[in-house]
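This is what each chain is made of:
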Amino acid sequence: MTNQERIWQVVHQIPRGKVASYGQVAKLAELPGYARYVGYVMKNLPAGTKLPWHRVVNSQGRISFPRNSSSYQRQKTLLEKEGVVFIKGKFSMKEFGWLQDEI
DNA sequence: CAAGGGGCTGTCA
DNA sequence: TTGACAGCCCCTT
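So, here's what we can say about the structure. (Residues numbered from 1 in each chain as written. Chains lettered and ligands numbered in written order. Predicted model: local features only at pLDDT ≥ 70, side-chain atom pairs only at ≥ 80, totals over all residues. Heavy atoms only, no water.)

### Overview of the protein's contact with DNA strand C
1) Next: Neighbouring DNA strand C are the residues Asn3, Gly33, Tyr34, Arg36, Tyr37 and Tyr40.
2) Next: Considering DNA strand C, the proportion of its atoms within 4 Å of the protein that are sugar or phosphate atoms stands at 89%.
3) Next: A distance of 3.1 Å separates a phosphate oxygen of DNA strand C from a polar side-chain atom of Tyr34.
4) Next: Contacts to DNA strand C include Tyr40, whose side-chain N or O atom sits 2.9 Å from a sugar or linking oxygen.
5) Next: Counting residues per element, the surface near DNA strand C draws most heavily on helix H3 (residues 35–43), which supplies 3 residues.
6) Next: For the surface near DNA strand C, a count of residues per class yields 3 nonpolar, 2 polar and 1 charged. (Near = heavy atom within 4 Å. Polar contact = N/O pair within 3.5 Å; in protein donor to acceptor, adjacent residues only side chain to side chain. Helix = DSSP H or I, 4+ residues; strand = E, 2+ residues; numbered from the N terminus. Nonpolar A, V, L, I, M, F, W, Y, C, P; charged D, E, K, R; others polar.)

Shown next as structure tokens:
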């Protein structure tokens, strides 16, 4: 079980309509401080992966891509399709944050 | 082995 | 609220 696989499993557990931050995913994967590594892993996901990578955002509740990039648009669209409401380029972690009230 | 950079974070001005 | 900065860990040069 590699660290990368642990991260995949955690991301896979994020329920539909919820989002988690990179740091949160890292912690749940028992890899505190690996936030940046999580981003690295997401970037190198195999093509056609079923991992809900779009449910992972930064701690500010914002997408870590330039607003005009296609990746940004793709992630935003996927999230909205799951019911996550975007407001002024970001969304409320209070409302959609995963395990926000259990941590 | 050293250096650079990547979908990050928390702190401080 | 925004921007600059210093830590973070890992992979590729």
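### Side note on the protein's contact with DNA strand B
1) Next: Around DNA strand B sit 16 residues in total, of which Tyr22, Arg36, Lys43, Val56 and Phe65 are the nearest.
2) Next: Sugar plus phosphate: this is where 48% of the atoms of DNA strand B within 4 Å of the protein reside.
3) Next: Note that a phosphate oxygen of DNA strand B is positioned 3.4 Å from one of the backbone N or O atoms of Gly23.
4) Next: One nitrogen or oxygen atom from the main chain of Ser59 is found 2.9 Å from a phosphate oxygen belonging to DNA strand B.

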